[in-house]
Amino acid sequence: GNYIFEWRRATPSLQEFLDSGELFKFGSNPLFKLYKSVLKEFTDSYHVMFFFPAVLSCVASIKLIKRFSVDPVFSIMVFFSIGTYVLYMAAVKQCFAVAILLYALPYALDKKYIRFVLLVLFAVMFHTHAFIFLAVPFFFGRPWGKLTWCLLLAVLVAIATYNRTFSALMEFALSIGVNIADIEVFD
């Protein structure tokens, strides 16, 4: 409902969007806003807004399943049964980001980190929280090695200093233009 409301009431024209300078605000999901503004130039139907990210994500998911799954039919059944496809109607920004991150994953697996990081940064332009995916290459090492213990220690320090750590994180995010609602901080 929120996406439809924003589409009908608040989506600026392409020229208004470009004039606003939002395209260069890294943390404000500028490519998603650009996507909506471009579509608004061609159609008033919000259904089209949902169509392209859903197709992009489904194609990315199927390509990943085809490449890595031992049993593709079972993997597709799990993909649909856990509600991922339905989620695309409620989380369009996340849908774009996840699709791009799914395309980035094989580069991380193949240790082509420059392409991986570039795709993750591209996904961040659709949804800010995609930056968390930059941690993926750290999970390919030996379990319970030095890196695991360092990450565990960092998490414990963050938990012990929760207010100070996350206040600093929020200040940094706001300083680079990330728009985070206070209610999302605990998430």
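See the structure printed just above.
Below is a summary of the structure that appears in this document. Predicted, not measured: the structure shown is a model, and the values here were computed from it.

## Focus on the packing of aromatic side chains
For the structure on display, the rule yields twelve aromatic pairs. Between the aromatic rings of Phe79 and Phe80, the centroid separation amounts to 5.1 Å while the plane-to-plane angle is 75°, which identifies the pairing as edge-to-face. According to the relative accessible area criterion, Phe79 is buried, its value standing at 8%. Centroid distance Phe96 to Phe126: 4.5 Å. Interplanar angle 20°. Geometry classified as stacked. Of this pair, Phe96 sits in helix H7 (residues 92-109) while Phe126 sits in the loop between helix H8 (113-124) and helix H9 (146-160), placing them 30 residues apart in sequence. With a relative accessible area of 7%, Phe96 lands in the buried category.

## Focus on helix H3 (residues 30-42)
The end-to-end C-alpha separation of H3 is 19 Å, in line with the 18 Å expected for 13 residues at 1.5 Å each. For H3, the set of buried residues is Pro30, Leu31, Phe32, Tyr35, Lys36, Ser37 and Leu39.

## As for unusual backbone geometry
Of note, the phi angle at Lys111 is positive, near 60°, even though the residue is not glycine. Residue Lys111 is classed as exposed on the basis of its relative accessible area of 61%.

## A closer look at the nonpolar core
Of all hydrophobic cores here, the largest spans 29 residues; its most connected members are Phe32 and Met49. For this core, the elements supplying multiple residues, two or more each, are helix H1 (2-10), H3, helix H4 (46-68), H7 and H8. Considering every element that reaches this core, the biggest residue donor is H7, with ten residues. Ignoring any residue separated from it by four or fewer positions in sequence, one finds Phe32 in contact with Tyr3, Met49, Val92, Lys93, Phe96, Met125 and Phe126.

About the cut-offs
Residues numbered from 1 in each chain as written. Predicted model: local features only at pLDDT ≥ 70, side-chain atom pairs only at ≥ 80, totals over all residues. Heavy atoms only, no water. Phe/Tyr/Trp six-rings, centres within 6.5 Å; stacked < 30°, edge-to-face > 60°. Buried < 20%, exposed > 50% of the residue type's maximum accessible area, 1.4 Å probe, protein only. Helix = DSSP H or I, 4+ residues; strand = E, 2+ residues; numbered from the N terminus. Expected span 1.5 Å × (residues − 1). Core = buried A, V, L, I, M, F, W, Y, C linked by side-chain atoms within 4.5 Å. Contact = heavy atoms within 4.5 Å.

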